[in-house]
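Structural features, examined
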Amino acid sequence: MRSKPSNTASLSGESHLLAVAAGKKTPSAHLESLVAAGVRTLDDLMWLLPLRTLPMPKPRPFREAREGELFLGCGKVIHREVKPAYGRRTKGRFLLSNGFVIVKELDGEATLPLRFFNLYPQQKKQIEDWDKVWFLGTMQEWKAQNQIVNPKVHSLVDEAWAQTLGEWLVEYPTVNKVPGTYTAKLFDNLPTDFWQGLKSDYGTDELNDLSLSRAFQILHARIPSAQFTKELRSSAEERLAYEEFFVDQLKITTRRRFIKRKVGPNIQPDAETLTVFLKRLPFTLTEDQIKSVQQILDDMNTGHPMMRMLQGDVGCGKTVVAMLVALVAIQQGHQVALMCPTEALAHQHAKTLTEMFGSLPFLKPVLLLGSLKKKGKDAVLKALAEGEANFVIGTHSLFQESVVFKKLALAIIDEQHKFGVEQRLMLTAKGAGTHCLIMSATPIPRTLSLAQYGDLDFTTIKVMPAGRKGIKTRIVAKANYDKYVEFIKQRLAGGDQGYMVFPAIEESETMALQNVTDAFQQYQKELPGVPMAVLHGKMKAEDKEATVKAFTEGTIRILIATSVIEVGINVPNAAFMCVYNPERFGLSSLHQLRGRVGRGDKAGFCFLVLDKDLGPSAIERLEVLEKTTDGFVIAEADLQNRGEGDLFGVDQSGEVTRRRVADFMKHSHVLEKVYRDVQHLMATDPGKIDPMLLKLARDQKILDTI
Ligand code: ADP
Ligand code: MG
């Protein structure tokens, strides 16, 4: 969840605000570009944080230069070389060059190499003019020698230059073509009393030792550099993280309160009918499944809408739980929608439903898919609007405006991480106080659930149905490739089927990735006589369907596919899952993929097939999968590797300028504090928090999306 600028004043007024900051009456072109990029108010400007702020070093002897430190030195150029930058020959119409310069101390013998990459012709000429110079840059060790890459260099003719550098080195990012130096000037032009007047919109200063204003002053280098410490910077960052998390929590709270204030349809948890449904199952429910059904049914009987996440590892049996609670609602005269991320998954669920419950007289299921022809779709829409159909299973097409329900009481969303919060809300908006059940096989670590899912209640299935043979996962290094193919041949000879998954459909010019098309050619040769087929997202729906069908029936033995198969294919006879270029996938995705095999009474095998040697950290990451099948451990590891955005597909679009400071792994203690503070405020001082919620709701139009 990304914080949005809180000010909603009109555009012209805002650019005027900035114009004042720039010391001008009318906005300049640069200011207008900033406004266009979302930096509309002084508050927005504050969140435009420097790429780096470093205390400016004093000039020092070369021998005191330390790796990783900013170094300011002065010396005489005793060697220079400029060569064309091959590989990156041209940028636009310029021929770029690389430079190498050695400087020697003026009053000593020590030397330092300076390296320059991708110089423009103009910069190249400057190098030729240098004699005695100042240089400023970060020392890097390269082949056991110190050097400075792309330092700022200034001719020593200008003796006073080092004095003009000031106390701080502050570099702002280029935003919408506005150079960082311009932004730095805006900050310089702020009136000195500006910083004192800067206050949090949400009164959070009372809850923190460090004021928001002070935190901004530290991060924008508005304090004497002598006072600066790394700890001070961390605490300033934490203060901003606090502010961001605080706004997140307010949003979540608003949403939750709003939902809990609504009236939801009452569904009676009727034990008798439930027993009838249970008798139809070809297996007995696990204890966790029973508990989940109870919890969900109780929650749909409170008079308010349910907002619940049902989480549990791939194959733990969430579907049947969802269907049971759906049937209870349907039997009491309601409609239920089940939304899936892929058509294959929708088909799968429809099949499961009809196999187990198809003969129940009150059940009228329909499928709503994007690939339906107009006539078929119209019939489905009509049936839903008139209440003829009472259980619709579908894909994204369920969101569409044309989909109207007579009496939608429960919306079930499978594999939540494929959908956003907004989509969840859009679907539930189709009924009055619709209950919402979200299913996810990607377990949600506590920090993340606080940060993003605080408006949900959780039900967790921890145990797997009995009799699962489980799954073994192995990384296949290049050296073991032949052995791996041998193994696959044996499994095929023993009657097994399996998947090969690739990150790309075709060969790409820009990336060396293994792909479906080449693999199909290759394995037809390597595994002669084995029926195989390709499956990917660009195929026509009917071709995909035919392929999946043939694989399900066993006439196709190997499915060579992209990760479209991540969800939704359930073939108990499939015993091996081979993922190529596994380094290209998130751990949770790989975990989902391997969840496709080892589902029945047959042991499953997952191979992560490498086509090159990977670095130790990449191997370590994949080894997590060899070691554990615990989805929570995997999700945590994924979080540490990739961050929240990737994991849950949070929309990262929008404000480029407002880099989010809060990182809920790094700042988890801050998040916990925010969570406690907001809970405490709500319990003790609602008079304080209500206006904040209202302001936020208005500014961010949260209420519109509910
Ligand atoms: P997921 O939680 O990943 O959505 P599914 O609901 O698809 O898992 O269940 C996986 C398989 O396990 C299905 O074939 C389902 O019929 C089966 N299953 C579910 N519950 C049980 C159970 N209690 N005992 C045996 N098999 C079960
Ligand atoms: Mg599932």
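Look above for the structure.
A short tour of the structure in this document, coming up. (Residues numbered from 1 in each chain as written. Chains lettered and ligands numbered in written order. Predicted model: local features only at pLDDT ≥ 70, side-chain atom pairs only at ≥ 80, totals over all residues. Heavy atoms only, no water.)

Here we take up the site of ligand 1. With respect to spatial proximity, 16 residues lie near ligand 1, and among them Gln-289, Gly-315, Lys-318, Thr-319 and Arg-468 are the closest. The side chain of Gln-289 places a nitrogen or oxygen atom 2.9 Å from a nitrogen atom of ligand 1. Contact distances for ligand 1 include 2.5 Å between an oxygen atom and a backbone N or O atom of Gly-315. Summarising the interface, the protein chains cover 80% of the accessible area of ligand 1, which totals 570 Å² for the free molecule. Of the residues in the shell around ligand 1, the class split is five nonpolar, seven polar and four charged. (Near = heavy atom within 4 Å. Polar contact = N/O pair within 3.5 Å; in protein donor to acceptor, adjacent residues only side chain to side chain. Areas by Shrake-Rupley, 256 points an atom, 1.4 Å probe, with all protein chains shown as cover. Nonpolar A, V, L, I, M, F, W, Y, C, P; charged D, E, K, R; others polar.)

This part is about the sheet that holds strand β17 (residues 457-461). Taken together, seven strands build an open sheet; the order of strands is β13-β14-β12-β15-β16-β11-β17 and the sheet is parallel. The two strands at the open ends of the sheet, each matched to only one other strand, are β13 (365-368) and β17. Sheet twist, expressed as the average angle between the axes of neighbouring strands with direction ignored, equals 20 degrees. Of the pairings in the sheet, the one linking strand β11 (residues 307-312) to strand β16 (residues 435-440) comprises five bridges and is parallel in character. (Pairing = 2+ DSSP bridges. Helix = DSSP H or I, 4+ residues; strand = E, 2+ residues; numbered from the N terminus. Axes fitted to C-alpha atoms, helices over the stretch in contact; angles between N-to-C directions.)

Attention now moves to unusual backbone geometry. Only a minority of non-glycine residues have a phi that is not negative, and only a minority of peptide bonds are not trans. For Asn-118, which is not glycine, the phi dihedral falls at a positive 55 degrees. Along the chain, the position of Asn-118 falls in strand β6 (residues 111-119). Looking at Asn-118, the relative accessible area reads 24%, which means it is partly exposed. Of note, Lys-177 is a non-glycine position whose phi angle comes to about 70 degrees, a positive value. Tracing the sequence through the fold places Lys-177 in the loop between β10 (168-171) and α5 (180-188). Since its relative accessible area comes to 76%, Lys-177 is described here as exposed. (Buried < 20%, exposed > 50% of the residue type's maximum accessible area, 1.4 Å probe, protein only.)

It is worth spelling out the packing of helix α9 (residues 271-279) against helix α11 (residues 318-331) at this point. As a packed pair, α9 and α11 sit with axes 10 Å apart at the nearest point and diverge in direction by 130 degrees. In terms of axis orientation, α9 runs oblique to α11. The handedness of the crossing between α9 and α11 is right-handed. For the pair formed by α9 and α11, the contact residues are Thr-273, Leu-274, Phe-277 and Leu-278 on the first element and Leu-324, Leu-327, Val-328 and Gln-331 on the second. Here the residues of the contact of α9 with α11 are counted per class, giving six nonpolar, two polar and no charged. (Parallel < 35°, antiparallel > 145°, perpendicular 65-115°, else oblique. Left-handed = near helix turned anticlockwise from the far one by under 90°. Contact = heavy atoms within 4.5 Å.)

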